Amino acid sequence: MWHTPDEQAHFGHVAYLAEGGVLPMGRSNDLNQEIAISEQHLGTYRNKYGNNSFTYKPDFRLAYSDSQIGIHETEIKTLPQSLRKIYTDPESAYYPHFFYRVSGLIYRLFYRQDLFVRVFTLRIFWLFCHLLMVYWAYRIGRLVFVKDKLAAVSVAVLTGFQPMLSFVSAGVTSDNLHNVLFTGVIYFSLKLAVKFRWQELIWLTLVTYLGYLTKPQFLIALAIVIPVLLWRRKKLLLLLAAAGLWLYFQGKLPYFDGTGSARPDYNLWQHAVYTANHTFREVLPWYWGVFRWLSLTLPRWVNQVMMRLLLVAGIGLIIKLWRRRFEPGFWLMVWSAGVYFLALFLWDWQQIRNAGFPFGIQGRYYFPVIVPHMVLLIMGIKELIPRITDYLLLITNYWFILLNWIALYWVTASYYDASNFKTFIIQASQYKPDFAKGWWLVSVIFLYAILMLIFSIKLARNAK
């Protein structure tokens, strides 16, 4: 608990609103004592520098008991309800309240249960966002690779088993809702580009509106929607309306007004050099996985394999551009990925100009466009040697499945003693609700392994 990205801040936001708080858009004490005490016992309570016992300490571990009950577990479970309304620190996520209001319904439903139950049930509830995202990834694959079902399935496999995305999706964070809704924008935009239907426009409008209620940066989606509507020239009035909304909300973002700059002379060229270096050294490795409060990345050899895979796919995309053979939706995938990168690039540039230091862009910040990333990766692989395309795709699929297992082992072994299965289950059962302990935990692991084996066999049988 409290180890997926900023989970304590997002759950604290949920708890504050569910307990009757009115969260202002500014810093205030909103982290309740129940969460704060649990963090102190679990080593995630941050000091004034924003660090805790795990930050940049990959070898740190909590002290474990010899049973499935953690040393401080009973104390955390029996904290009085009165502590839920006593606030100690400013910690909430300070995003629009849609995600947190919906989450509050689950919070209130299990209000009489202990903290572990409330956190884990909320995790499970939002896990369906990940399932919907994988489904939309497959549907996008079907629209792009019309005659190649293996390639379409590959989009879902590469998205679903991407280790950092599955890790983020297992936590309580509005990022999960943001990611799936942005994927929905790409999916319905692609369907509109193929053929205009009013029902698709209604769905596109709905996911865009819900996305804006989730995070203000969802307005980036308009840069994808507007060109699609422009391409459908008969719907010019809709384009003008969308453009008007874009300009209106741009005026509502004072962060870009340039006032109070700490580094007014910091120019775009300087930022381009910094971004290129930062992206290559940090963003790309962290895109595949960074865990334990930024203290643990995947093994170096894994990142080396991934970099070589990206290089191979990049060469394939260059060949595709030279041959000028493009699947339906190719340019929408390129534009979606490019415009999101550009938006974060400009945001970080303005952050440095205003505050004097970068925002700290991480690989997971690009997950709203992870499906276009995976589509382009598959396109690049398919372009290299057409005669053995299916073999290359199958190898890539199996590599991502294996990559998910590698990440699962690598992360869990950093928290628990993985050299002995019985000891591992005892330690991994601590500080969790009863439905995630002991034999329940063993059953989930074995069920995952069995279903993964079945899926892998079917994947091979359904290849050409």
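Scoring rules and cut-offs
Residues numbered from 1 in each chain as written. Predicted model: local features only at pLDDT ≥ 70, side-chain atom pairs only at ≥ 80, totals over all residues. Heavy atoms only, no water. Helix = DSSP H or I, 4+ residues; strand = E, 2+ residues; numbered from the N terminus. Rg over C-alpha atoms; globule rule 2.2 N^0.38 Å. Buried < 20%, exposed > 50% of the residue type's maximum accessible area, 1.4 Å probe, protein only. Contact = heavy atoms within 4.5 Å. Areas by Shrake-Rupley, 256 points an atom, 1.4 Å probe, with all protein chains shown as cover. Lys, Arg positive; Asp, Glu negative; His and termini not counted. Charge placed at Lys NZ, Arg CZ, Asp CG, Glu CD. pLDDT = per-residue confidence, 0-100. Expected span 1.5 Å × (residues − 1). 1 Å grid on protein atoms, 1.4 Å probe; cavity = no way out; pocket = protein on both sides within 12 Å on 5 of 7 lines; lining within 4 Å. Points joined across faces, edges and corners; volume = space filled by probe spheres on them. Nonpolar A, V, L, I, M, F, W, Y, C, P; charged D, E, K, R; others polar. Patch = residues over 30% accessible without salt bridge, like charges linked within 9 Å, V, L, I, M, F, W, Y side chains within 5 Å. Salt bridge = Lys/Arg side-chain N within 4 Å of Asp/Glu carboxyl O. Core = buried A, V, L, I, M, F, W, Y, C linked by side-chain atoms within 4.5 Å. Polar contact = N/O pair within 3.5 Å; in protein donor to acceptor, adjacent residues only side chain to side chain.

### Some thoughts on the overall build of the protein chain
For the protein chain, the count of helices and strands is 18 helices and four strands. For the protein chain, the C-alpha radius of gyration of 23 Å lies close to 23 Å, the compact-globule estimate for 464 residues. Judged by the C-alpha coordinates and their principal axes, the protein chain covers about 65 × 55 × 45 Å. Counting every position in the protein chain, which comprises 464 residues, the buried fraction comes to 52%. Long-range pairs, those at least 24 residues apart, make up 77% of the contacts in the protein chain between residues at least 6 apart in sequence. Carbon and sulfur atoms form 66% of the exposed surface of the protein chain, whose accessible area is close to 22700 Å². Measuring between centres, the 45 positive side-chain charges of the protein chain sit 12 Å from its 25 negative side-chain charges.

### Considering the confidence of the model for the protein chain
Caution applies to low-pLDDT regions: their predicted coordinates should not be interpreted in detail. For the protein chain, per-residue confidence averages 90 on the pLDDT scale, and 93% of positions sit at 70 or higher. In this model, residues 253-257 is a region of pLDDT below 50 whose contacts with residues beyond four sequence positions or in other chains number seven contacts.

### Points about unusual backbone geometry
For W2, which is not a glycine, the phi torsion comes out positive at approximately 70°. Checked against the element boundaries, W2 lands in the segment before α1 (7-18). Located in the positive-phi region is Y94, a residue other than glycine, with phi close to 60°. Tracing the sequence through the fold places Y94 in the loop between β2 (87-89) and α4 (98-109).

### Considerations on helix α18 (residues 438-461)
Since the α-helix packs 3.6 residues into each turn, any two residues three or four apart lie on the same face. An ideal rise of 1.5 Å per residue puts 34 Å on 24 residues; α18 measures up with 35 Å between its terminal C-alpha atoms. Within α18 the residues assigned to the buried category are G438, L441, V442, M452, S456 and L459. Structurally, α18 contributes buried residues whose contacts are with α6 (149-160), α16 (389-415) and α17 (421-428).

### Concerning empty space enclosed by the protein
For the coordinates displayed, the defined rule picks out one cavity of 30 Å³ or more. In this structure, the largest cavity encloses a volume near 60 Å³. H271, Y274, T275, H278, T279, V283, L344, F345, D348, I361 and Y366 are the residues that line the largest cavity. Listed by contribution, the elements that provide at least two residues to the lining of the largest cavity are α12 (268-288) and α14 (330-355). In terms of residue count, α12 provides more of the lining of the largest cavity than any other element does, six residues in total. Grouping the constituent residues of the lining of the largest cavity by class yields six nonpolar, four polar and one charged.

### Some words on a nonpolar patch on the surface
A cluster of nonpolar side chains, contributed by F421, F446, L447, I450, L451 and I454, occupies part of the molecular surface with about 590 Å² of accessible area. Per element, the largest residue contribution to the nonpolar patch is five residues, and it comes from α18. Relative to the helices and strands, F446 resides in helix α18.

### Digging into the nonpolar core
Counting 120 residues, the largest nonpolar core has F11, I140, F182, V375 and F400 as the members making the most contacts within it. The element best represented in this core is helix α5 (residues 115-144), accounting for twelve residues. In this structure, F400 is in contact with L158, F161, Q162, W288, M306, L309, M374 and L377, ignoring residues within four places of it in sequence.

### Focus: the side chain of E34
Its place among the elements puts E34 in helix α2 (residues 33-42). Of note is the side chain of E34, whose polar atom sits 2.6 Å from the side chain of R118. E34 has contacts with L79, L83, R84, L115 and R118, leaving out every residue within four places of it along the chain.

### Some words on the pattern of salt bridges
The full count for this structure, using the stated rule, is 17 salt bridges. The shortest N-O distance in the salt bridge between E7 and R123 comes to 2.8 Å. One end of the pair, E7, is in helix α1; the other, R123, is in helix α5, and 116 residues separate them in sequence. The class for E7 is buried, based on a relative accessible area of 0%. Classification of R123 by relative accessible area gives buried; the value is 14%. The closest approach of N and O atoms between K215 and D175, which form a salt bridge, is 2.1 Å. Placement of K215 in the loop between α9 (198-214) and α10 (222-231) and of D175 in helix α8 (residues 174-194) is noted, with a sequence separation of 40 residues between them. Across the pair, exposure class does not vary: K215 and D175 are buried alike.

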